[in-house]
Amino acid sequence: MYSMTGYGRGEFKAGGIELTVEIKTVNNRYLDVSIKSPRLFTAYEENIRAAIRGKMTRGHLDVYISLTDKRDREKKVNLDEGMARAYFESAEKINKLFPGLPFDVTVTSVLRYPDVLKTEDKSAADDELISALDSALASALDNLNKMREAEGKKLEEDMLSRMDTIEQLVGKVEDRAPAVAENYRLKLQAKMKKILEGVDVDEGRLLTEVAVFSDKSNIDEELTRLHSHISQFRAICRETLVGRKLDFLVQEFNRESNTVCSKSNDIEVTRLGLALKNEIEKVREQVQNVE
């Protein structure tokens, strides 16, 4: 089980390259990746997202990439001969138009004209930088998952502990449920005797009313399903990617507990049902943190 919240950092330092990748994650229903990196890695962002998809399926990730390139590399300057020739020929024409002006074109002045010299394109990362990024990214993702796994273990322990509490509450409701109909019969009998002032109560009619009440307030099916949900919850927790399954299962928990409370005409069952709903809500909050 993995938490969706975590932090991972990876570094690469070698050959004059210092590159750091930091990843922060928070809860999100789907996988959402935001990347902030130097411009030269822009074309490589889809590869970064692909690497992340191999490690995570849900959550919002902020990826920060910083780079210091201290490599001593040969600088390349390219001469555009056509552009230089065009500038010089234009200067000669101007000199003919204005012969009184001094012809002061020099090699240095031509080199200063726009686009005559072009430096090597630095808008994309070279193979060394890509390799450094891959190394730092892999390290950051590994460290992130170690933290998420440790946090997931804590979440699992907390949810399973609450599942024990839920199971105890369901057991108490089961113990109380058989007495609900009998209590209703006694209350109804006492009420009828008071209203009829000494006249014998029709036991057949009374039993019919109690039977109707018992049928309407019967929660055996709901309790059986709650026990089944508890078993499923514990089984799912032994898997790796459990968030969506547990989210659906908690909805089923809520549905059954709501039915228990709505059918209840007993103060104790209602109290236990509300306590059950409270524990389920705490589990639901934790499930939102699980991948």
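Above this text is the structure in question.
What you see is a predicted model; the values in this text were computed from it and never measured.

*Asks:* Help me understand the side chain of Arg-148 in this model?
*Replies:* With respect to the helices, strands and loops of the structure, Arg-148 is situated in helix α4 (residues 127-196). The buried category is assigned to Arg-148, whose relative accessible area is 0%. Of the polar contacts made by the side chain of Arg-148, one reaches the backbone oxygen of Ser-3; its length is 2.8 Å. Only 2.6 Å separates the side chain of Arg-148 from the side chain of Glu-291, close enough to count as a polar contact. Once you skip the residues sitting within four places of it in the chain, Arg-148 turns out to touch Met-1, Tyr-2, Ser-3, Met-4, Thr-5, Gly-6, Thr-25, Lys-55, Met-56 and Glu-291.

*Asks:* Quick question: what am I supposed to make of the nonpolar core here?
*Replies:* Nonpolar side chains in soluble globular proteins tend to end up buried together. Ranked by size, the top nonpolar core spans 28 residues in total, and within it Met-159, Ile-166, Phe-233, Leu-246, Phe-253 and Val-283 carry the most contacts. Looking at this core, the elements with two or more residues in it are α4, α6 (220-236), α7 (243-263) and α8 (267-287). In terms of residue count, the dominant contributor to this core is α4 (7 residues). Excluding its chain neighbours within four sequence positions, the residues that come into contact with Leu-246 are Met-1, Met-159, Phe-233, Ile-236, Cys-237 and Val-287. One finds Ile-17, Ile-52, Leu-137 and Leu-144 within the second-largest nonpolar core, a separate group that totals 24 residues.

*Asks:* Where do I start with the sheet that holds strand β1 (residues 6-14) in this structure?
*Replies:* In a beta sheet, neighbouring strands pair by backbone hydrogen bonds and run either parallel or antiparallel. Within the open sheet, the 4 strands sit side by side as β1-β2-β4-β3. Their pairing is mixed. At either end of the open sheet lies a strand with only one pairing partner, and these are β1 and β3 (31-36). Each strand of the sheet is rotated relative to its neighbour by a mean of 15 degrees, with strand direction disregarded. Sheet topology note: the strand β2 (residues 17-26)/strand β4 (residues 59-69) ladder contains 10 bridges and is antiparallel. Bridge pairing in β4 places Ile-17 opposite Asp-69.

*Asks:* Sorry if this is basic, but what is going on with the packing of aromatic side chains here?
*Replies:* All chains considered together, the criterion is met by 3 aromatic pairs. The interplanar angle of 45 degrees and the centroid separation of 4.7 Å between the aromatic rings of Tyr-87 and Tyr-113 together place this pair among those described as tilted. Of the two residues, Tyr-87 sits in helix α2 (residues 81-97) while Tyr-113 sits in the loop between α3 (107-111) and β6 (117-119), which places them 26 residues apart along the sequence. With a relative accessible area of 26%, Tyr-87 lands in the partly exposed category. When its relative accessible area of 26% is taken as the criterion, Tyr-113 is described as partly exposed. For the ring pair Phe-88 and Phe-103, a centre distance of 6.0 Å and an interplane angle of 80 degrees mean the geometry is edge-to-face.

*Asks:* Would you explain the pattern of salt bridges in this entry?
*Replies:* Side chains bearing opposite charge may pair, as long as their charged atoms lie close to each other. Taken as a whole, this structure holds 17 salt bridges when the rule is applied. For Arg-9, the salt bridge identified is with Glu-22, shortest N-O distance 3.4 Å. Taken together, the residues Arg-9 in strand β1 and Glu-22 in strand β2 connect sequence positions 13 residues apart. Look at Glu-22 and you get partly exposed, because its relative accessible area is 24%. Close ionic contact of Asp-142 with Lys-55 constitutes a salt bridge, the shortest N to O distance being 3.6 Å. Of the two residues, Asp-142 sits in helix α4 while Lys-55 sits in the loop between α1 (45-53) and β4, which places them 87 residues apart along the sequence. The class for Lys-55 is partly exposed, based on a relative accessible area of 38%. A single network of salt bridges, built from pairs that share partners, joins Asp-158, Arg-162, Glu-279 and Lys-282.

*Asks:* For this particular structure, what's the right way to read the environment of Asp-104?
*Replies:* For Asp-104, the position within the fold is in the loop between α2 and α3. The sequence separation of Asp-104 and Ala-91 amounts to 13 residues, and the corresponding C-alpha distance is 9.2 Å.

*Asks:* Help me out: how do you make sense of the environment of Glu-149 in this one?
*Replies:* The topology assignment puts Glu-149 in helix α4. Look at Glu-149 and you get partly exposed, because its relative accessible area is 45%. A C-alpha to C-alpha distance of 9.3 Å links Glu-149 and Met-4, two positions 145 residues apart in sequence. With residues near it in sequence (within four places) discarded, Glu-149 still touches Met-1 and Tyr-2.

Definitions and cut-offs
Along each chain, residues carry numbers from 1 onward, in the same order as the chain's sequence is written. Local features in a predicted model are, by the rule used here, given only for residues with pLDDT of at least 70; side-chain atom pairs are given and counted only at 80 or more, and totals for whole chains, interfaces and linings are based on all residues. By convention in this description, side-chain values take in all heavy atoms of the structure and omit both hydrogens and water. Only runs of H or I of at least four residues qualify as helices and only runs of E of at least two qualify as strands under DSSP, and these elements are numbered from the N terminus. For each residue, the accessible area found with a 1.4 Å probe, counting protein chains only, is set against the maximum for its type, and the residue is called buried under 20%, exposed over 50%, and partly exposed in between. Pairs of N or O atoms are called polar contacts if they sit within 3.5 Å, as long as, within protein, a hydrogen donor faces a hydrogen acceptor (for residues adjacent in sequence, only side-chain-to-side-chain pairs). Contacts: residue pairs with any heavy atoms within 4.5 Å of one another. Within this scheme, the nonpolar core is defined by two criteria: the residues are buried Ala, Val, Leu, Ile, Met, Phe, Trp, Tyr or Cys, and they are joined through side-chain atoms within 4.5 Å. DSSP-based pairing: two strands are paired if at least 2 bridges between them are found. Between the N-to-C directions of two axes lies an angle of 0 to 180 degrees, each axis being a line fitted to C-alpha atoms and, for a helix, fitted only over the stretch in contact. Working definition: rings of Phe, Tyr and Trp (its six-membered ring) pair if their centres are within 6.5 Å, and the pair is stacked with planes under 30 degrees apart, edge-to-face with planes over 60 apart, and tilted otherwise. Take a side-chain nitrogen of Lys or Arg and a carboxyl oxygen of Asp or Glu: if they are within 4 Å of each other, that pair is a salt bridge.

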